[in-house]
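Close look at the chain arrangement
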Amino acid sequence: MPNLEHPAYPAADLLHLESLVPCRESQVSMLLSIFGERQQFSLPSIFIYGHTSSGKTYVMQTLLTTLQLPHVFVNCVEYFTSRLLLEEILTQLQSSSSGTEQTCPVHCDTLNDFVRLFKQAVASRELQDQTLYIVLDRAEQLREMEANILPAFLRLQELTDRNVTVVLLSEIVWELFRPNVGCFEPFTMYFPDYSIGHLQKILSQNHPPEYSADFYSAYINILLGVFYMVCRDLKELQHLAALNFAKYCEPVVRGEANERDTRKLWKNIEPHLKKAMQTVYLREISSSQWERLQHDGGEPGQLKGLSAHTHVELPYYSKFLLIAAYLASYNPVRTDKRFFLKHHGKIRKTNFMKKHEKTSNHLLGPKPFPLDRLLAILYSIVDNRVAPTANIFSQITSLVTLQLLSMVGQNDQLDGPRYKCTVSLDFIRAIAR
Amino acid sequence: QHRHLLELLRRTTVHGESNSALIIGPRGSGKTTLLNHVLKDLREMKQVTENLLEFFMKNPFLSGLLQTNDKVALKEITRQLQLENVVGDKVFGSFAENLAFLLEALRRGNRTSSCPILFVLDEFDLFVHHKNQTLLYNLFDISQSAQTPVTVIGLTCRQDILELLEKRVKSRFSHRQIYLMNSFDFKEYIKIFKKQLSLPAEFPDESFAQKWNNNVQHLSEDKTVQDVLQNLFHHTKDLRSLHLLLMLALSAVTVHHPLLTAADLQEASRQHRTDSKANIVHGLSVLEICLIIAMKHLNDVYDGEPFNFQMVYNEFQKFIQRKAHSMYNFEKPVVMKAFEHLLQLELVKPLERPSARAQREYLLMKLLLDSSQIMDALQVYPNCPTDVKQWAASSLSWL
């Protein structure tokens, strides 16, 4: 990787910058050559896109603060309407120029006012013609705002006649941004994703001081081996690495193995990581719960995730109602007679489950059914006689409130209410036990 | 066209004629540049400077992007004419009265004859979408009536702009249109390329400028460079994209590498033309790639009809059970998380907004990638397991 050099910036700054942004040297050198010297006009707009956590925001921020270029950094998710966005930009401009003085609140409704106030603010900042960078993070939100915001920002240099460059950062490609009538095309730049070697290098930088770097690298290797197929997100991997390291070190701490005993460490950590994939990765349980679990050394089977099916306790008839609803949703009407009228003695529920796999109705989702059909199926699957009391009907309505069933159509249909079952097969299986 | 416009403006300012014109041309064909040029020439002509209104010193044009509303436009006009103190607290019944008042005020301020005013409206097509098109109506109205010499020039990139104007506005417009098309051929394109890259004569370091210009001459005769330019020329004749390409190439010039080479231009061209979606696909994890391949197969089988997550998961299961040796059978929620990541990257788009009633797994979606894009991306995908690649290639042997 070439060293960063640029005649306009002092070499010490550049060296420091290089140490802060590993594996991104070529992108930074491209950016530096585009920025040029401080006074030079740069491109009016730059569009940077790349995967989640490929370092776009981080590199941009470090670059601008290390080299101390005048900039304004705004996240478009935080300031989601045009008014909030424009006011924030102007406030940041004001606050960086006046230092510790009180900043008076700025009112800016339209882009017209923004351009006027922007010219004033830039003049008052004594920039001496240095390029001002406006960085808009998560720029895909700009598409949701008013239609003239995005084209106006792309042309801001032309509209305000000042030395300003707008940088847009996003995950989504430029083709999906372009407005219908066309606009001023920005300079697009791609931040490539990290390869597995890069990920290893970056993650190994965070090793805690008690253990050697090799030990930590071996741990990262194992972690990447399990998780690399599923996710390449740097932030998630860092989170997982931090959480599971204590468990990995346990054998060493307990004295059972030393640092080089890779097989033992692997046997210890492997089921743990697999469990982590199902729970912490999916955010089913929080990281503090996970750490507590590690300390107690409890059975992994006791984990109660967010979507665990054992949370819901239903009364006796409600369970039957739900199962009947599931059957009604996924079976076509003509098979009802075959399934429910012939009496094979004890009708077990597992028979019904197997037959469902074959229908392609599974793939398309649940179908709505009328109330009468639900009751008919209910009578046939419950062994003893069920009277159509208000109890049963109220249980149906409570299932609707729990969003396990949903009502289809308006309230005042002539044929009676129609419902749809909104739970999956696994849920039904869990209830049927 | 330059002469035409210059003549038009000169007539307004010198002879006091009112006029209106539209400059139409695709993006990047130089409309604004043309106008600025003409204005500069105008200011240099002696007889004009005495008549023209003083506020031309700055950059006074009304842009469709900024003035989204007629009221805003009017305030902007007031401000640029520096008549705020005159307008003050007056309340106007209608837009036309307001505008007439402004022009009256101007007239009184100067000599007996009124000053010619030039209104430049950029992004003209956006003004057309205002309510009732009042601003346009009034401006054109004034340009037709004989009191103040006013010229209205609109810049737009839509060819059908005349159809968008209302009837009463269209009748007041003089239907003068100036078309700007990039109608140069490839030889002229190369000449433009040379001219852009050459350093001007005033460059301080004489010998370097000489070397640089020689290099540029050499480059423009090089075959590979001509190929690169030909590619770009076939794609778009726009000068702005040429600029971008040259910027990319020039950014490789450093102190150690002072002269531009053909390799630089080729590298720049390659970067310029990369398929951005292929770049994104390059960064996906293996599980997500499998999901995309499953969706591609579904598209092939069902001929492009929308699918939902459950179908994709089924296909994936079929692959795992029958052929996969390197893929571990992931649980359904993990696959769901990968699928949602694809949604976030907008490679898959739902057909309708997700509502609270329908379950997320059954929402219908469509894939925004082409199958040839997917196959190309797979070729360059690093460390792709071979059975995944083979699954992608074989399409119908699965059912």
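Since the structure is predicted, the reported quantities are computational estimates derived from the model, not experimental observations.

1. Considering the overall build of chain B
Regarding its fold elements, chain B presents 21 helices and seven strands. Across the 399 residues of chain B, 49% fall into the buried class. Put simply, 72% of the contacts in chain B that link residues at least 6 apart link residues at least 24 apart. Put simply, chain B shows about 20400 Å² of open surface, and 51% of that area lies on carbon and sulfur atoms.

2. What to know about the overall build of chain A
Across its full length, chain A holds 19 helices and eight strands. Per-residue burial for chain A yields a buried fraction of 50% across its 433 residues. Long-range pairs, those at least 24 residues apart, make up 72% of the contacts in chain A with a sequence separation of at least 6.

3. Observations concerning the pairing of strand β4 (residues 164-170) of chain A
Residues and elements named next belong to chain A. Where burial is concerned, most of β4 is hidden: seven out of the seven residues are buried. Side chains Val-164, Val-166, Leu-168 and Ser-170 of β4 all project onto a buried face; the interleaved residues Thr-165, Val-167 and Leu-169 project onto the opposite face, where all are buried too. With five bridges connecting them, strand β1 (residues 45-50) and β4 associate as parallel partners. If you follow Phe-47 over to β4, its bridge partner there is Leu-168.

4. Side note on the packing of helix α17 (residues 286-302) of chain B against helix α21 (residues 386-393) of chain B
Residues and elements named next belong to chain B. Taken N-terminus to C-terminus, the directions of α17 and α21 make an angle of 15°; their axes are 9 Å apart at the nearest point. Viewed along their axes, α17 and α21 adopt a mutual orientation that is roughly parallel. Where α17 crosses over α21, the two elements pack in a sense that is left-handed. Facing α17, whose interface residues are Ile-289, Cys-290, Ile-293, Ala-294, Lys-296 and His-297, α21 presents Val-388, Trp-391 and Ala-392. Residues of the contact of α17 with α21, tallied by class, amount to seven nonpolar, one polar and one charged.

5. With respect to the sheet that holds strand β8 (residues 418-421) of chain A
Pairing between the strands of a sheet is mediated by backbone hydrogen bonds and can be parallel or antiparallel. Residues and elements named next belong to chain A. One open sheet accounts for three strands, arranged β6-β8-β7; its pairing is antiparallel. Each edge of the open sheet is held by one strand with a lone partner, namely β6 (369-370) and β7 (405-408). Summarising the sheet, β7 and β8 pair through four bridges and their orientation is antiparallel. Looking across to β8, one finds that Ser-406 is bridged to Lys-420.

6. Let's talk about the packing of aromatic side chains
Residues and elements named next belong to chain A. Per the stated rule, a full pass over the model turns up six aromatic pairs over all chains. Plain terms: the ring middles of Tyr-49 and Tyr-190 are 5.1 Å apart, the flat faces sit at 40° to each other, and that makes the pair tilted. Residue Tyr-49 is located in strand β1, and its partner Tyr-190 is located in strand β5 (residues 187-191); the two are separated by 141 residues in the primary sequence. Of the residues examined, Tyr-49 reaches a relative accessible area of 4% and is grouped as buried. For Tyr-190, a relative accessible area of 17% translates into the label buried. Members of the aromatic cluster, each reached through a chain of ring pairs, are Phe-47, Tyr-49, Trp-174, Phe-177 and Tyr-190. Of note, Arg-143 hangs over the ring of Phe-177, and the distance from its end group to the ring centre comes to 5.1 Å.

7. Digging into the environment of A:Ser318
Residue and element names in this part refer to chain A. Mapped onto the elements, Ser-318 comes out in helix α13 (residues 316-330). Since its relative accessible area comes to 2%, Ser-318 is described here as buried. C-alpha of Ser-318 to C-alpha of Ala-123: the two residues are 195 residues apart in sequence and 71 Å apart in space.

8. A few points about unusual backbone geometry
Residues and elements named next belong to chain A. Phi at Arg-138 takes a positive value of approximately 55°, unusual for a residue other than glycine. If you trace the backbone, Arg-138 turns up in the loop between β3 (132-137) and α6 (149-154). You can call Arg-138 partly exposed: its relative accessible area is 33%.

9. A word on the pairing of β3(A)
All names here are of chain A. The buried count for β3 comes to six of six residues, which makes it a mostly enclosed element. Relative to β3, strand β2 (residues 71-75) runs parallel, the two sharing five bridges. For Val-74, the partnering residue across the bridge sits in β3 and is Leu-136. Across five bridges, the pairing between β3 and β4 is parallel. Paired with Val-135 across the bridge in β4 is Val-167.

10. Points about the sheet that holds β5(A)
Residues and elements named next belong to chain A. In space, the five strands of this open sheet follow the order β2-β3-β4-β1-β5, with parallel pairing throughout. Looking at the sheet topology across the chains shown, the edges are occupied by β2 and β5. Along the sheet, successive strands turn relative to each other by an average axial angle of 20°, direction set aside. Across the sheet, helix α3 (residues 56-66) touches β1, β2, β3, β4 and β5, and the angle it forms with β4 is around 155°.

11. Thoughts on the packing of helix α9 (residues 213-227) of chain A against helix α11 (residues 262-278) of chain A
Residue and element names in this part refer to chain A. Two numbers describe how α9 lies on α11: the axes approach to 10 Å, and their chain directions differ by 45°. Between α9 and α11, the crossing angle belongs to the class labelled oblique. Crossing geometry of α9 relative to α11 is assigned as right-handed. Along the contact surface, α9 presents Phe-215, Ile-222, Leu-223, Val-226 and Phe-227, while α11 presents Leu-265, Trp-266, Ile-269, Leu-273, Ala-276 and Met-277. The class makeup of the residues in the contact of α9 with α11 is 11 nonpolar, no polar and no charged.

12. Section: the environment of B:Thr151
Within the fold, B:Thr151 resides in strand β4 (residues 150-156). It is 4.7 Å that separates the C-alpha atoms of B:Thr151 and B:Asn19, two residues lying 132 residues apart in sequence.

13. Observations concerning helix α8 (residues 196-204) of chain A
An α-helix turns once per 3.6 residues; consequently, residues spaced three or four apart project the same way. The set of residues buried in α8(A) consists of A:Leu199, A:Ile202, A:Leu203 and A:Ser204. Looking at the packing, one finds that the buried side of α8(A) touches α9 and α10 (234-254) of chain A.

14. What about the nonpolar core?
Of all hydrophobic cores here, the largest spans 117 residues; its most connected members are A:Phe114, A:Leu136, A:Leu142, A:Phe153 and B:Met295. Considering each element in turn, this core owes the most residues, 10 residues, to α17(B). Leaving out residues up to four positions away in the same chain, B:Met295 has contacts with B:Phe307, B:Val312, B:Phe339, B:Leu342, B:Val348 and B:Leu367. Grouped together as the second largest cluster of nonpolar side chains are 49 residues, A:Met30, B:Phe193, B:Leu246 and B:Ala262 included.

15. Some remarks on the pattern of salt bridges
Tallied over the full model, the rule gives four salt bridges over all chains. A:Arg138 serves as the salt-bridge partner of A:Glu140, at 3.3 Å between the closest nitrogen and oxygen. Residue class for A:Glu140 comes out buried when judged on its relative accessible area of 10%. Ionic pairing is found between B:Lys337 and A:Glu236, a salt bridge with its closest N-O pair at 3.2 Å. Taken together, the residues B:Lys337 in helix α19 (residues 332-344) and A:Glu236 in helix α10 connect one chain to another. B:Lys337 sits in the partly exposed class, given a relative accessible area of 22%.

Analysis parameters
- Residues numbered from 1 in each chain as written.
- Chains lettered and ligands numbered in written order.
- Predicted model: local features only at pLDDT ≥ 70, side-chain atom pairs only at ≥ 80, totals over all residues.
- Heavy atoms only, no water.
- Helix = DSSP H or I, 4+ residues; strand = E, 2+ residues; numbered from the N terminus.
- Buried < 20%, exposed > 50% of the residue type's maximum accessible area, 1.4 Å probe, protein only.
- Contact = heavy atoms within 4.5 Å.
- Areas by Shrake-Rupley, 256 points an atom, 1.4 Å probe, with all protein chains shown as cover.
- Pairing = 2+ DSSP bridges.
- Axes fitted to C-alpha atoms, helices over the stretch in contact; angles between N-to-C directions.
- Parallel < 35°, antiparallel > 145°, perpendicular 65-115°, else oblique.
- Left-handed = near helix turned anticlockwise from the far one by under 90°.
- Nonpolar A, V, L, I, M, F, W, Y, C, P; charged D, E, K, R; others polar.
- Phe/Tyr/Trp six-rings, centres within 6.5 Å; stacked < 30°, edge-to-face > 60°.
- Lys NZ or Arg CZ within 6 Å of the ring centre and 35° of its normal.
- Core = buried A, V, L, I, M, F, W, Y, C linked by side-chain atoms within 4.5 Å.
- Salt bridge = Lys/Arg side-chain N within 4 Å of Asp/Glu carboxyl O.

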